[in-house]
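Results of the structural survey
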Amino acid sequence: MAALIETFYHRVLRPLLFQLDPERAHRLTLAMMRPLALLREPAVDPPALATTPWGIRFSNPIGLAAGMDKDIRAVAGWQAIGFGFAELGTVTPLAQPGNPRPRLWRLPEHRALVNRLGFPSAGMEAAARRLSQLRRRGLRIRLGLNLGPNKDTPQERVASDYAALVARLGPMADFIVINVSSPNTPGLRDWQSPARLAPLMRPILAEAIKLTPHRPVLVKLAPDLDAPVLASVCEAVSAAGVDGLVACNTTTAREAVGVRTEYEGGLSGAPLNRRARAMVAEIRRRTGAKIPIIGVGGVFSAEDAYGLICAGASLVELYTALVYEGPGLVRRIKEGLLELLQRDGLSSIAEAIGAAAPAKESELS
Ligand SMILES: Cc1cc2nc3c(=O)[nH]c(=O)nc-3n(C[C@H](O)[C@H](O)[C@H](O)COP(=O)(O)O)c2cc1C
C-alpha cells in the first residue's frame, strides 16, 4: 500500500498538482487528506522513536509545520500518514482573508516555496469548533496550536490578541506556539527584539498558567536573527519562563541562502536547512537542555531530521518537503531515523537529542 501511494504521488499526482496554481493545489491536497485517513490505519511507532519533551509523550518526533493546516481541516490525515504531531494554524482571533493573490510560489529548482499569505484564517471560534469535534473523536496525534494577531490589531493590543487565543484555544492543545516571526504581517517580527519579547510574553504566560494540565508555551523565531540578537532572545525567553523555542520560520534572505527569485515573502524548503540546524545548535549552546527546541526548515530526509535532533531539537517539523516528496515521506524519515540510531549505537531519539556537541563558536553569521 505504502509503495503504491508513493508511486502514485510521484508519477500521477504531483505532476497534476504542479500544473495547478499552488494555492489551488494546496486546497486540493487538504481535501484529499481526509479520505486518506479513512483508507489508512496509522502505524504504531516503535518505542525507540518516542520523545518526551515537557513530560508529554510524542510517539515519534516528526510533525507537520504550521501553515499547511491553518484552519484545522485534515488532522486525521496527518495522523494517517504517520506524523507524531501537527502544529495547526496560524490561527488569528478574528477571521481574516490574508494578503491579495498571487501570494504563493514554487521554486522547484531549489526545492523551495515563497509565500506571503499573511495569515488567512477562519478565526479562533471556527478553530475552537473544529478542535472540540476532533477531541471527541479521540485521535492519538499530538496537536500544537500556532497563534498570531490580526493584521489590523494595533501594536498595543497585540499581547491581548495572543492572550485571548491562549484562553480560548489553549485547553484544546497539547502545546502552544506564539508566532512572532512571520515576515508577512507588518511589524510582527519586531516583537522578537529582546526588550519587547519579555513584556509581550507576560500576559500570554499569565493566561497559560491558568490551564490545567500545564500547556507548554513556545516562541517561534525567524532565521534572520543574527547571533547576538539570538543570544539575547535566548536569555529573555529563559528569564520570562517560556517553555520552548521553534527554530525557524521562513526567511527573507535570498542570496545568503543561494536563491535568486523576484518573488517577495518568506522562503522555505531546502535552502533553509543549514541555517535551521545552525540556529538549533546555537539555541542549545545558549540554553543547554533547559528549553526544548522544535527544529524546522528544509527537512527532506531522515538525515536532515537527524541533523536537527543531534543539534538539539527534541521534535522536528516539515512543510515544504511534503509538497515535493508527498505523503510517503513521513514513513521514510521514520524508517531512516531508526537506521541512523542503530548506526550510532543509540537506543532512542531521546538519546540523540543534542548528541552532536554544540559548536564552541556560533555557526550563525
Ligand atoms: C505556504 C506556507 C505557509 C506558512 N504559514 C505559516 C504560518 O501560518 N505560521 C507559521 O508559524 N509558519 C508558517 N509557515 C512556515 C513553516 O511553518 C516553516 O517554519 C517553514 O516553512 C520552514 O519549514 P519547511 O522548510 O519544512 O517548509 C509557512 C510556510 C509555508 C511554506
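Above this text is the structure in question.
Residues numbered from 1 in each chain as written. Predicted model: local features only at pLDDT ≥ 70, side-chain atom pairs only at ≥ 80, totals over all residues. Heavy atoms only, no water.

The next point concerns helix α4 (residues 124-137). The end-to-end C-alpha separation of α4 is 20 Å, in line with the 20 Å expected for 14 residues at 1.5 Å each. Buried residues of α4: Met124, Ala126, Ala127, Ala128, Leu131 and Leu134, and no others. Looking at the buried residues of α4, the elements they touch are α3 (75-80), β2 (85-91), β5 (142-147) and α5 (158-169). Gly138 occupies a position one or two residues after α4 and carries a positive phi of about 65°. (Helix = DSSP H or I, 4+ residues; strand = E, 2+ residues; numbered from the N terminus. Expected span 1.5 Å × (residues − 1). Buried < 20%, exposed > 50% of the residue type's maximum accessible area, 1.4 Å probe, protein only. Contact = heavy atoms within 4.5 Å.)

A separate point is the pairing of strand β8 (residues 244-247). By the alternation rule, side chains of β8 split into Gly244 and Val246 and Leu245 and Ala247, which are all buried. Pairing between strand β7 (residues 217-221) and β8: four bridges, direction parallel. In the strand pairing of β8, Leu221 is matched with Ala247. A crossover connection joins β7 to the parallel β8 through helix α7 (residues 227-240); in handedness this β-α-β unit is right-handed. (Pairing = 2+ DSSP bridges. Right-handed = clockwise from strand over helix to strand, strands pointing away.)

Here we come to the nonpolar core. Of all hydrophobic cores here, the largest spans 108 residues; its most connected members are Trp78, Phe83, Leu169 and Ile178. Ranked by residue count, the leading element in this core is helix α9 (residues 302-311), at seven residues. Leave out the neighbours within four places in its chain, and Phe83 touches Asn60, Ile62, Gly63, Leu64, Trp78, Ile141, Leu318, Leu322 and Val330. Listed in part, the seven residues of the second largest apolar core include Trp105, Ala112, Val114 and Val259. (Core = buried A, V, L, I, M, F, W, Y, C linked by side-chain atoms within 4.5 Å.)

Now for the site of the ligand. Taken together, 24 residues surround the ligand, and among them Ala66, Lys70, Thr90, Gly298 and Thr320 come closest. One of the backbone nitrogen or oxygen atoms of Cys248 is found 2.9 Å away from an oxygen atom of the ligand. Calculation on the ligand without its partners gives an accessible area of 610 Å², and the protein chains cover 98% of this total. Elements represented by at least two residues in the shell around the ligand include exactly β4 (112-115) and β9 (266-269). (Near = heavy atom within 4 Å. Polar contact = N/O pair within 3.5 Å; in protein donor to acceptor, adjacent residues only side chain to side chain. Areas by Shrake-Rupley, 256 points an atom, 1.4 Å probe, with all protein chains shown as cover.)

This part takes up the environment of Arg11. Following the sequence through the fold, Arg11 ends up in helix α1 (residues 2-17). By relative accessible area, Arg11 is classed as exposed at 68%. C-alpha of Arg11 to C-alpha of Pro61: the two residues are 50 residues apart in sequence and 29 Å apart in space.

Another aspect to go through is the packing of aromatic side chains. With the rule as written, the count across this model stands at eight aromatic pairs. With a centroid separation of 6.2 Å and 50° between ring planes, the pair formed by Phe58 and Phe175 is classed as tilted. Within this pair, whereas Phe58 is found in the loop between α2 (22-39) and β1 (62-64), its partner Phe175 is found in strand β6 (residues 175-179), the two being separated by 117 residues in sequence. The exposure class assigned to Phe58 is buried, which follows from its relative accessible area of 0%. (Phe/Tyr/Trp six-rings, centres within 6.5 Å; stacked < 30°, edge-to-face > 60°.)

As a packed pair, α4 and α5 sit with axes 10 Å apart at the nearest point and diverge in direction by 20°. Here α4 lies roughly parallel to α5, going by the angle between them. Seen along the crossing, α4 lies across α5 with a hand that is right-handed. Of the residues in α5, those in contact with Met124, Glu125, Ala127, Ala128 and Leu131 of α4 are Ala164, Leu165, Arg168 and Leu169. (Axes fitted to C-alpha atoms, helices over the stretch in contact; angles between N-to-C directions. Parallel < 35°, antiparallel > 145°, perpendicular 65-115°, else oblique. Left-handed = near helix turned anticlockwise from the far one by under 90°.)

A word on the sheet that holds β8. Each strand in a sheet pairs with its neighbour through backbone hydrogen bonds, running either in the same direction (parallel) or in the opposite one (antiparallel). In spatial order, the strands read β1-β2-β5-β6-β7-β8-β10-β11; together these eight strands close into a barrel with parallel pairing. The mean inter-strand angle of the sheet, taken between neighbouring strand axes irrespective of direction, is 25°. For β2 and β5, the ladder comprises six bridges, and the chain directions are parallel. Opposite Val91, over in β5, you have Leu147 as the bridge partner.

Per the stated rule, a full pass over the model turns up 15 salt bridges. For Asp174, the salt bridge goes to Arg142, with nearest N and O atoms at 3.2 Å. Pair noted here: Asp174 is in the loop between α5 and β6 and Arg142 is in strand β5, with a separation of 32 residues, a long-range link. For Asp174, a relative accessible area of 13% corresponds to the buried category. The class for Arg142 is partly exposed, based on a relative accessible area of 25%. A network of salt bridges, in which partner residues are shared, links Glu6, Glu325 and Arg332. (Salt bridge = Lys/Arg side-chain N within 4 Å of Asp/Glu carboxyl O.)

One way to put it is that α7 packs onto helix α8 (residues 273-287) with a least axis distance of 10 Å and a crossing angle of 50°. It follows from the interaxial angle that α7 and α8 lie oblique. Between α7 and α8 the crossing geometry is right-handed. Contacts between α7 and α8 pair Leu230, Ala231, Cys234 and Ser238 from the former with Met279, Glu282, Ile283, Arg286 and Thr287 from the latter. Of the residues that constitute the contact of α7 with α8, the class distribution is five nonpolar, two polar and two charged. (Nonpolar A, V, L, I, M, F, W, Y, C, P; charged D, E, K, R; others polar.)

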